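A look at the structure
In case you want the letters, here they are:
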Amino acid sequence: MLIDLHTHSVVSDGTDAPAQLVGKAAQAGLDVVALTDHDTFDGLTEAVAAGERVGVQVVRGIELSCSRSGNSVHLLAYGADPSNAALATEMTRVRSGRTGRLLPVLEKLEELGVGVSEAQVMAFVGDSPSVGRPHIADALVAAGHVRDRTEAFDRFLADGGPAHVHRYAIDVARGIELVHGAGGIAVIAHPWGRGRRRVLPPEVLEELITVDRLDGFEVDHQDHDDATRAELRQLGNSLGVLMTGSSDYHGTGKTNHELGCNTTDPAVFAELERRLGQPPSP
Ligand code: AMP
Ligand code: ZN
Ligand code: FE
Ligand code: FE
């Protein structure tokens, strides 16, 4: 049984439509796939319907933009109710921050001599309600300023880079609370990827688990090397937390993140489903 719990469609910054992504999941031999677009539930209806057609179980997910002490933390939520008012309000605030950040980033890029217009970026955003840096990266590629998304991030857009602009994100402890309040399960994505170990050292992960009731974290992710995975697994075992493995697939938007390149242990997924079957704890 092959389970991949973290993927992105064109509804955020992936390149496949939700139904197309689920079709590819079936072709890749996956039994279960979670669609976890950034800060939006919009692709889930289409993905679930496609899953019923092709015989893949689609888990309803999102990847919520959170922060800890001003640093970005990504929180995966499974089974959260899209109609929960408190969560929906915060997600609207996050998406507004994404939209509002665009022009300041474009001003910085202009100053750096690699200008692109708002219209050039919006051509890649399309109908997505969740404007992301990868869309800006795509415009930079199309304008010939960089070769690919990776170069756009490395030279301009990465956190702390010359064209980086801060945007609103939800304090991660509050994010966990919101997800639980909406009946969902909260799992930190790539906790030690891309320099995040500094933001989420073992004592902070322990606090999020014991005090804030975080359900789990990703261990098998392409941003974690083998040594990092081993350390995280040891920590997770000692804390008795759910540990997942996922691709973080973005279609052609991210190389080396193919569907099913990492998977989640069926026993872990069974426990996740069991928790989802229970009413949220007070
Ligand atoms: P944003 O949602 O606008 O904060 O952009 C974050 C997204 O950009 C992540 O979900 C990744 O998909 C992508 N990303 C972040 N860092 C990099 C990087 N160094 N290279 C390529 N893509 C990246
Ligand atoms: Zn993404
Ligand atoms: Fe992420
Ligand atoms: Fe992701």
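Note that the coordinates shown come from a computational prediction; the quantities given were computed from them, not determined experimentally.

Parameters and conventions
Residues numbered from 1 in each chain as written. Chains lettered and ligands numbered in written order. Predicted model: local features only at pLDDT ≥ 70, side-chain atom pairs only at ≥ 80, totals over all residues. Heavy atoms only, no water. Donors = N, O, S within 2.8 Å, 3.2 Å for Na, K, Ca; no water. Tetrahedral: all angles 85-135°; square planar, octahedral: opposite > 155°, others 65-115°. Helix = DSSP H or I, 4+ residues; strand = E, 2+ residues; numbered from the N terminus. Buried < 20%, exposed > 50% of the residue type's maximum accessible area, 1.4 Å probe, protein only. Axes fitted to C-alpha atoms, helices over the stretch in contact; angles between N-to-C directions. Left-handed = near helix turned anticlockwise from the far one by under 90°. Contact = heavy atoms within 4.5 Å. Nonpolar A, V, L, I, M, F, W, Y, C, P; charged D, E, K, R; others polar.

The coordination sphere of the iron ion (ligand 4), as far as protein atoms go, consists of His6 (NE2), His8 (NE2), Glu63 (OE) and Asp248 (OD), spread over 2.1 to 2.3 Å. Geometry at the iron ion (ligand 4) is irregular, judged from its four donor atoms and the angles of 75 to 162 degrees they form at the metal. Mapping the donors of the iron ion (ligand 4) onto the primary sequence gives the spacing H-x1-H-x54-E-x184-D. In this structure, the iron ion (ligand 4) lies 4.4 Å from the zinc ion (ligand 2). Remark: Glu63 occurs in strand 3 (residues 57–68) and His6 occurs in the loop between strand 1 (3–4) and helix 1 (18–27); sequence separation between them is 57 residues. A relative accessible area of 1% places Glu63 in the buried class.

What follows deals with the packing of helix 3 (residues 85–111) against helix 5 (residues 133–142). At a minimum axis distance of 11 Å, the contact between helix 3 and helix 5 shows a crossing angle of 35 degrees. You can see that helix 3 and helix 5 cross each other, and the crossing is right-handed. Contacts from Arg101, Leu102, Val105, Leu106 and Leu109 in helix 3 reach Arg133, Ile136 and Leu140 in helix 5. Among the residues forming the contact of helix 3 with helix 5, the class breakdown is six nonpolar, no polar and two charged.

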